[in-house]
Every structure is written in structure tokens, then in C-alpha cells.
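# Residue-level structural notes
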Amino acid sequence: MKPEGINFVLVGVGGQGTLLASDILAELGLRLGFDVKKAEVHGMSQRGGSVTSHLRWAPHVFSPIIPAGEADILLAFEKLEAVRFIGQLKPNGLVLVNDYAIEPLSVQTGGIPYPEDEEIRRRLEQVTPNVNWVKGMNIAEALGNTRTANVVLLGALSALLDIDTGHWDAVLELRVPARHLELNRRAFQAGREAVAAVV
Amino acid sequence: MKRLLSGNEAVARAAWEAGVRVGSGYPGTPSTEIMEAFALYPGVYAEWAPNEKVGLDVAVGAAYAGRRAFATMKHVGLNVASDAFFAVAMTGVEAGLVVVSADDPSMHSSQNEQDNRQFAKFARVPCLDPADSQDAHDLTLAAFDLSEQFDTPVMLRMTTRVCHTSSPVEVGEQRENLPEPGKYPRNLGKYCMIPANARKRHPVIEARIAELAQFSETFEHNRIEWRSSDLGIITGGAAYNYAREVFPEASILKLGMVYPLPRQKIAEFAGRVDKLIVLEELDPFIEDQVRLMGIPLHRAADFTPAGTSYPVTKSIFPISLELDLAVVRASSRTAGLLPNLDTAAPSQTNGSLPVRPPVLCPGCPHRSSFYVLHKLGVPVNGDIGCYTLGMVQPLDALHTVGCMGASVGVAHGAAVAGDKERHVAVIGDSTFFHSAIPALINVAYNRSNVITIIMDNRVTGMTGHQENPGTGRTLQNQQTREIEIEPLVRAMGFDKVLTVPSFDVALIEKTLKEWLKSDEPAVLITREECALLPSAKARWVPLEVVSDKCNGCTLCFRVGCPAILKSDQMDPKTGRPLAVIDPLLCTGCEICAQICPRDAILFRSQVSRKQAPQEVAS
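The structure displayed is predicted, hence computed values, not measured ones.

Secondary structure assignment for chain A yields 8 helices and 6 strands. Counted from the first residue to the last, chain A has its helices and strands arranged as β-α-β-β-β-α-β-α-α-β-α-α-α-α. Computed over its C-alpha atoms, the radius of gyration of chain A comes to 16 Å, within 12% of the 16 Å expected for a compact globule of 199 residues. With the C-alpha coordinates aligned to their principal axes, the bounding extent of chain A is approximately 50 × 40 × 35 Å. Across the 199 residues in chain A, those meeting the buried criterion constitute 61%. Expressed as a percentage of contacts within chain A between residues at least 6 apart in sequence, the contacts between residues at least 24 apart total 65%. For chain A, the accessible surface area stands at approximately 7,400 Å², while carbon and sulfur atoms represent 50% of it. Put simply, chain A has 19 plus and 23 minus side-chain charges, and the middle of one group is 3 Å from the middle of the other.

Pasting the structure below:
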């Protein structure tokens, strides 16, 4: 782990569990001895709006918000949102994308098509060659609960970061309700293996 | 041990530690979680009031009764509560009273961007302005002490980034054990503000604010961080973070109390740095006062930030929208405080992407009324809540949205002014209780022909499901007396009052068409639980499109439901895409099924029963 810390931007669509994922990452940073700030905007997006969360680990964090082009890691729970926020990432930063599309209403009414996968790849790779895809929804569905897709993504992220899995497990236990812990542990493991198989 | 707390949670924690007995507030982003978190502590009384003015009056009463108390609200809530705020500024208190105003720079979830530090100055009330969660905790504790020491309410001014950013906080483990207060005060000269007494009190509060200014010179949360003398920055609130990160070498005067200001400390600081700037969000609140002291600021005069189209009244940093590192760096470059960059700004790669603005959720009970209102083409005056989203395409049904409770009064005003069209007001249940009751009394009493639709979704929705007087539950989820809207409205003098199920499109349309023919004031109550309430979620059944029957007529897309999508399958005759329903999003509200002219969307009773809804894991 780099001593200077990590800037994460998490993006998704309201209802995808983006905020729980950022809570878990915040606790993880604290556990690793960093100062942490986690910023999110609540309000007018219950289901269906863009949701973003900024998370910073550093010896001392001042600004809660990460400026454009300065995130080390972009964690996207939805493909279109990955493209929308790729400008947050620093050149050659790490992108982890859930290979999953949620069509916004504007596709139905506004006439702008949802970008093709090839277009999404092209735009992400303009910024970084380090783009990792995970079929988080499919994996979560196979485990019997699509709501765990967010934790599948965290498992995948864990395979890309050099952090002892014991720390991850401890923060899962801290933040996930006990009755859902086992399912989420399996989701985490499945995500970790999905990326490990590729890397 | 440090705990990860949001600014809001930190305020609640500190209020508990300070021995606060009573908290009252009205939900409003970004303040809502303060009262929700406070309610969970033992030994406290916490409530949702119908509006912010009532909430502040309640806190005032508790503080008169010798118990520490606080009221929470968003910035515009203080507009509603301002009468109580000015009144208690005059009387002072028997025990600590803190007014939490959560401002929303950048208007993430608000209709305006007011800087409530101005309210503190206006009312001669000291104002504390935290920079992060630890600061929010510590300044909340300080606020209660100050309130008692100086016999004044204290404003704790939060902002969105402080409210909703989580960071580690060193908390206290003990709740302050305060002595039981004596009898309710009978001190007419102090607590009965008839003109004769008020005239005597005004000089008292002017003297009080002067004493507070003196105190602020040594207030521990007004601190100077000496570093290089090249640049000195006076800052407060969230802006402190940007000052530290953008100018790590600069000396900083960090003001925990932004009103009244420590004039000697500012003068001393100014005298020991070569260049002095003020770094603050929104209004030039500190800056104006420093300039009035005759202290020269770097680039204070005739300086126009790039990209502004209005006369500049603030130096260097923009007066509108929240600050962040990028804004502070860019403004500082323009002002010559940072070297210009050689590299270009990061390239924009997000052109021509479909936008994802907030929309009414799938299964939202407000959707049907807006679908009908759009069809009828009448002027609709909206209000503050999820249903403000009735303005967006394709529902496109609203003409005006102002502030809490405005819909009814505005519609009445347009009607009595003689506007030829028939005016409609739409308002939610919580907003009705908040401030529409007097406005509806006005409609009935002064007999305009306004049609009001009260969209009762059984909860305060947009702020994340808070209870209100219509839900029959308190903040602590205790059962209480549920207020029925119908008899209340009838008692105001409305004869035409009808309640319909929110999802009954035909009945809503028939009723409104009939009422539009008469010239009477009327109230339509549409009632159905918010689709995201657990009790409503248990009833979700995704509907299905029968592709043989659908011909791609697109009518169902006009209800603006995110669950109805264009499929890849084309109708062979029309060449238009057929509709398909996303089973993960659809709740089975049946609005689309009702309006489909070809019966191509199956109703709930026609859909083969799916397995029980998945248990929610996260």
C-alpha cells in the first residue's frame, strides 16, 4: 500500500449500493491507519439518478472532494456512469467497471442512444489502459441475490489492491448486517476470483 | 478511539454529550440526519415538527424551561423559522439553545443558495462554522457553552460538504450531567417582548454582540496557524480544507466563529503577512467586514474573476456555487497566487452521453396525476418534494415551483388576478402539513376556484422517508394520532373534497375534467404509499408486455417510467420498437397497463405469480 494514500471515486445509479460500498472502503482506510474523508451528495436521486461518492485515504485529508483528473481509482457500478465520470481519473489510473447497463429514461425520450460496449471501452481507454471489467450482476445473480453486486465489485477491487484480505473481512463484518454477512462474504470471494482469473 | 462520523452524526453526538434534552426539526437536505441520529441516543427527546418555525419555537420553550435544546433545519428552513429566530435573539435563554442551519452551496438539493451567516449577523446571534466532522463535534459543544455564557441563541452553520462528509472523530464518552432547572422563569422584562420591554432589550443584545466580539479574540476555535509570512489566509467553514491543501505553506487564521469577528486578531494577522486573502464559500461575509476595517486585501479592488457575467462584489473566489480544489486553484491562478499551468486541462471525454437526471421512481404514485395534468394542459403550480419532478419530460406538467407550501397561494394569486385558465396546485402530504394549511384556508375563505391536489404518499419522501403528522408515527416510530386530511380540509370550508387511489388514472382524469367545468374550489387527495416503503416493496409484482399485441405506438413511454424500455424488436408494420418492461425496476403500479390502447401490458392479476421478492441484502 502506497503511504501517500488513495483517491477513490465511486459511481453508480441510485439503488445499486454505491454508498454501502464507500462506507466499507472508508472503514478499510481507517483500519489501514489512514485519515479518511468520504463525501456523498444525498437528495434528489432515490432510484434511477446518478450517485457519486468521493473517498480519500491519506496521512491527512483536507478537501473531501477529488478534483477532475486526480482520482487513482474509479469504481463504476454501471457502464455508462463509468464513461460519464472517467474525467475524474488521473491518466493511467485504475478503472473497475461492472459490466452492466441501466438505461436512463433519456434514452427512451431524448434520442441519444446508450453507447455501444466498443465505444465505452474506447472512451475509458483514452484515459487509461488499466480498465478491468467484472460481470458483477451475473455473479450476484448466480449467488441468488442481485443486491450483492456492489460487494462482488469490492471483491474484484481487492484482487487489484495489495491489502491483506483479513482487513477486508473485518470491515465487511463491521458494515454488513449479520444476517446478510455470509452471503456477502461469498459475493466478495466470487468477485475476487473473477478478477484474479483475468489478471 | 476515533469513530467515522458524518458531520451530521457528529453534531448529534455532541448534542447528546452536551446534555441536550430536546431536539426538534423539520427534514431538509442536507440537515436531516442530525435529528435522526440524535433520536437514537438515550435520555433525549427528539421530534419532527410540522415545520421549522414550530421546531425552533419548541427548542426555545425547552431552553426557557432551563433544558439545553436545539433545532435543526436546512438553510431555507431558517426563512420559515426566522420569526422565532429573531424573537429568541431578543430574549436570550435560561439554558443553551443552538440553531443548526445546514446551507447547501451549489444547490445540490435546494431551490436557492442563501448564505445563512448573514442571518446570524442580521439577528445579532453568534455563528459557528465548522470545517469537518471533528470541528462540527467540537463547535457544537462550544455552542451550548457560549449560549449560556452570553445568554443568546447560537447558530451552528453547516454546509453540505460538512454535513455529508464522514471523517474520524474523537468523541467524548460521557453525557454532561446537568443540574435540574428551577421553575419556569417569570421575568417579563426579558421574556415578554411587548414594545416597552423590547425597546429595553435591543441595547442589551447590541452590548451582548460587542462582548462576544471581545470574547472571540481569545476563543480557542479562532486560531492562527503560523507558517510562511508570504501569504496569509483568513478562512472558516469548509473553505479551511481548501486553504490547507492548495496553500500548504501559507499562514492561516481559521475562524471557528465567523460572527462576530475578532478584529484585533485579524489586524494582528494582517500586519504580519505580506499578502492577505479571505477564502470563504458563497457571500463575501468575512471579506466585507475585513474591508470595512480598512485592512487591504490582495486583489480586492477592480478584480473580475474569469467567467462571471455580473458585477463582482467578492475578490478572487466565486460568489456562487461551492468551492473545491479545482475552483480554488483556478481562481488563485487568475489572481496570481499560483503559477499558471503549462499543461492543458483534462480532456473532456463525456460529450453526447445520455443524461441521467433524477426522475420519479418506477412505481411512484405521483406519476398518474402528472400524466393526466399534462394531458389536460392546465397551469399547474408545484411545490417542494419528489413531485417537483413532475416538471421533467415527458410528464412536463408543472409551471411554477418556488418554496415550501407556495403552490396553493401562488395558484390562488393567479386565479384572483383574473388569469383566464383554471389553476391547479399540487402538494405532498408533508408539505401540506408544513405550510399549505393557511394557504388552503385562504382559498376557501376568499373563494377562488383553485383545484388543489394533495398527493399523499404516506411519508416525507424526498429527504428519505421521515414520518409526518399524516403517517401516524413519530420520529421514534411510536404510534401516534394520525391526522386525517379529509376532515381537516372540509373544516376549512371546502365542499368538493374527494380521495382517490393514486394509481387510478381514469378516475383522476374523470374527476378533474368534471371539476374543471365547475367554478368552485376543490381538493383532490390522491393516496398510495411511496413505492420505496418496505410495506409497498412487499407488494411489487413486475408486469410484462405481450409482444404480439404491442405495435410500438409509444403511448406508454409518455408516462415517463424508467421501467419501460424500447426493446430491440421492431413492429413489422410501423417499424417502431416494441415496449419491454425491466423486471428489476417494475413494481406493478399498472399505470402503463391502464393507458395501453391495445391491452398489450398485463395487469398484476394476469402476470403469472413470480417467486417471492428477494430479500434485500444491502
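Picking up after the structure, the text goes on.
In terms of regular secondary structure, chain B is built from 20 helices and 20 strands. By the compact-globule yardstick of 25 Å for 618 residues, chain B fits well, its C-alpha radius of gyration being 27 Å. If you line up chain B on its principal axes, its C-alpha atoms span 80 × 70 × 55 Å. Residues counted as buried form 59% of the 618 residues belonging to chain B. Intrachain contacts of chain B at a sequence separation of at least 6 include 74% that bridge at least 24 residues. Roughly 25,000 Å² of accessible area belongs to chain B as shown, and the carbon and sulfur atoms make up 53% of that amount.

Here we come to the side chain of Ser-332 of chain B. All names here are of chain B. Topologically, Ser-332 is positioned in helix 13 (residues 325-334). Judged by relative accessible area, Ser-332 falls into the buried class, the value being 0%. A polar side-chain atom of Ser-332 sits 2.6 Å from the main-chain carbonyl oxygen of Val-328. Filtering out sequence-adjacent residues up to four positions away, Ser-332 remains in contact with Phe-247, Phe-317, Leu-337 and Leu-338.

On to unusual backbone geometry. Comment: phi is negative for the bulk of residues other than glycine, and the bulk of peptide bonds are trans. Residues and elements named next belong to chain B. Geometrically, the link from Thr-29 to Pro-30 is a cis peptide bond, its omega value of 10 degrees lying close to zero. Topologically, Pro-30 is positioned in the loop between strand 2 (22-25) and helix 2 (32-38). Residue Pro-394 is reached from Gln-393 by a cis peptide bond, and omega for that bond is -5 degrees. Tracing the backbone through its elements, the reader meets Pro-394 in the loop between strand 14 (380-381) and helix 15 (406-416). Positive phi values are uncommon outside glycine, yet Glu-590 reaches one of about 75 degrees. Within the secondary structure layout, Glu-590 lies in the loop between strand 20 (577-581) and helix 20 (591-595). We classify Glu-590 as buried; its relative accessible area is 18%.

Two modes of strand pairing occur in sheets, parallel and antiparallel, and in both the strands are linked by backbone hydrogen bonds. Residues and elements named next belong to chain B. The 4 strands are arranged 9-11-10-13 in an open sheet whose pairing can be described as mixed. The open sheet is flanked by strand 9 (222-225) and strand 13 (275-279), the only strands paired with a single partner. Across the sheet, the mean angle separating the axes of adjacent strands is 15 degrees when strand polarity is ignored. One ladder, built from 6 bridges, connects strand 10 (residues 228-236) with strand 11 (residues 250-255); its direction is parallel. Bridge pairing links Ser-228 to Ala-250 in strand 11. Relative to the sheet, helix 11 (residues 263-271) contacts strand 9, strand 10, strand 11 and strand 13, its axis offset from that of strand 11 by approximately 175 degrees.

This next bit is on the side chain of Glu-52 of chain B. Residues and elements named next belong to chain B. Along the polypeptide, Glu-52 turns up in helix 3 (residues 52-64). Lys-74 provides the closest opposite charge to the buried, salt-bridge-free Glu-52, at an N-O distance of 8.1 Å. Within the structure, the side chain of Glu-52 is placed 2.6 Å from the side chain of His-434, a separation counted as a polar contact. Residues within four places of Glu-52 in sequence aside, it is in contact with Tyr-26, Met-73, Gly-77, Val-80, Ala-81 and His-434.

What follows deals with the pattern of salt bridges. Tallied over the full model, the rule gives 51 salt bridges over all chains. Linking Glu-40 of chain A and Lys-38 of chain A is a salt bridge whose minimum nitrogen-to-oxygen distance equals 3.4 Å. Judged on exposure class, the residue Glu-40 of chain A and its partner Lys-38 of chain A are both buried. The salt bridge involving Lys-513 of chain B is made with Glu-509 of chain B; its shortest N-O contact spans 3.1 Å. Here Glu-509 of chain B and Lys-513 of chain B lie together in helix 18 (residues 505-517), a separation of 4 residues that amounts to about one turn. Accessibility expressed as a relative area gives 42% for Lys-513 of chain B, which makes it partly exposed.

We now examine the interface of chain A and chain B. Across the boundary between the two partners, chain A contributes 62 residues, which contact 56 residues of chain B. Linking chain A to chain B there are 5 salt bridges. Connecting chain A to chain B are 11 residue pairs in polar contact (both at pLDDT 80 or more). Of all the elements in the fold, those that place two or more residues in the side of chain A that touches chain B are helix 1 (18-31), strand 2 (35-40), strand 3 (50-58), helix 2 (79-84), helix 3 (105-109), helix 4 (117-127) and helix 8 (181-196) of chain A. With 6 residues, strand 2 of chain A is the largest single contributor of residues to the side of chain A that touches chain B. Broken down by class, the residue content of the side of chain A that touches chain B amounts to 27 nonpolar, 19 polar and 16 charged.

Moving on to the confidence of the model for chain B. Keep in mind that low pLDDT regions are not for reading the predicted coordinates in detail. Considering every residue of chain B, the mean pLDDT works out to 94; 95% of them sit at 70 or more. In this model, residues 610-618 of chain B is a region of pLDDT below 50 whose contacts with residues beyond four sequence positions or in other chains number 20 contacts.

Residues and elements named next belong to chain A. Looking only at helix 4, the buried set comprises Ile-120, Arg-123, Leu-124 and Val-127. Take helix 4 and look down its axis: the buried residues cluster within an arc of 95 degrees, on one side only. The elements touched by buried residues of helix 4 are helix 2, strand 5 (89-98) and strand 6 (131-134).

A few words now on the sheet that holds strand 2 of chain B. All names here are of chain B. Pairing is mixed across the open sheet formed by 7 strands, whose spatial order is 3-2-4-5-7-6-12. Two strands in the sheet have a free side with no partner beyond their single neighbour: strand 3 (45-48) and strand 12 (257-259). Strand contacts of helix 1 (residues 7-17): strand 4 (69-74), strand 5 (97-103) and strand 7 (154-159), with the helix running at about 155 degrees to strand 7, the strand carrying the most contacts.

A word on the environment of Phe-144 of chain B. Residue and element names in this part refer to chain B. Residue position: Phe-144 is located in helix 6 (residues 133-150). Residue classification places Phe-144 among the buried residues on the basis of a relative accessible area of 0%. Between the C-alpha atom of Phe-144 and that of Leu-97, which follows or precedes it by 47 residues, the distance is 6.4 Å. Discounting chain neighbours no more than four positions away, the residues touching Phe-144 are Ala-15, Ala-18, Val-20, Arg-68, Ala-69, Phe-70, Gly-96, Leu-97 and Val-98.

Right, let's get into the packing of aromatic side chains. Scanning the model with the defined rule gives 16 aromatic pairs over all chains in all. Aromatic side chains Phe-8 of chain A and Trp-57 of chain A sit 4.9 Å apart centroid to centroid with 65 degrees between the ring planes, which places their arrangement in the edge-to-face category. Note that Phe-8 of chain A is positioned in strand 1 (residues 6-13) and Trp-57 of chain A in strand 3, a separation of 49 residues in sequence. For the pair shown, Phe-8 of chain A and Trp-57 of chain A are each scored as buried. On the basis of an interplanar angle of 45 degrees and a centroid distance of 5.5 Å, the ring pair of Phe-215 of chain B and Phe-219 of chain B is categorised as tilted. Looking at Phe-219 of chain B, the relative accessible area reads 5%, which means it is buried. Connected via pairs of aromatic rings, a cluster forms that spans Phe-85, Phe-86, Phe-119 and Phe-122 of chain B.

Conventions and cut-offs
- Residues numbered from 1 in each chain as written.
- Chains lettered and ligands numbered in written order.
- Predicted model: local features only at pLDDT ≥ 70, side-chain atom pairs only at ≥ 80, totals over all residues.
- Heavy atoms only, no water.
- Helix = DSSP H or I, 4+ residues; strand = E, 2+ residues; numbered from the N terminus.
- Rg over C-alpha atoms; globule rule 2.2 N^0.38 Å.
- Buried < 20%, exposed > 50% of the residue type's maximum accessible area, 1.4 Å probe, protein only.
- Contact = heavy atoms within 4.5 Å.
- Areas by Shrake-Rupley, 256 points an atom, 1.4 Å probe, with all protein chains shown as cover.
- Lys, Arg positive; Asp, Glu negative; His and termini not counted.
- Charge placed at Lys NZ, Arg CZ, Asp CG, Glu CD.
- Polar contact = N/O pair within 3.5 Å; in protein donor to acceptor, adjacent residues only side chain to side chain.
- Pairing = 2+ DSSP bridges.
- Axes fitted to C-alpha atoms, helices over the stretch in contact; angles between N-to-C directions.
- Salt bridge = Lys/Arg side-chain N within 4 Å of Asp/Glu carboxyl O.
- Nonpolar A, V, L, I, M, F, W, Y, C, P; charged D, E, K, R; others polar.
- pLDDT = per-residue confidence, 0-100.
- Arc of directions from axis to C-beta.
- Phe/Tyr/Trp six-rings, centres within 6.5 Å; stacked < 30°, edge-to-face > 60°.

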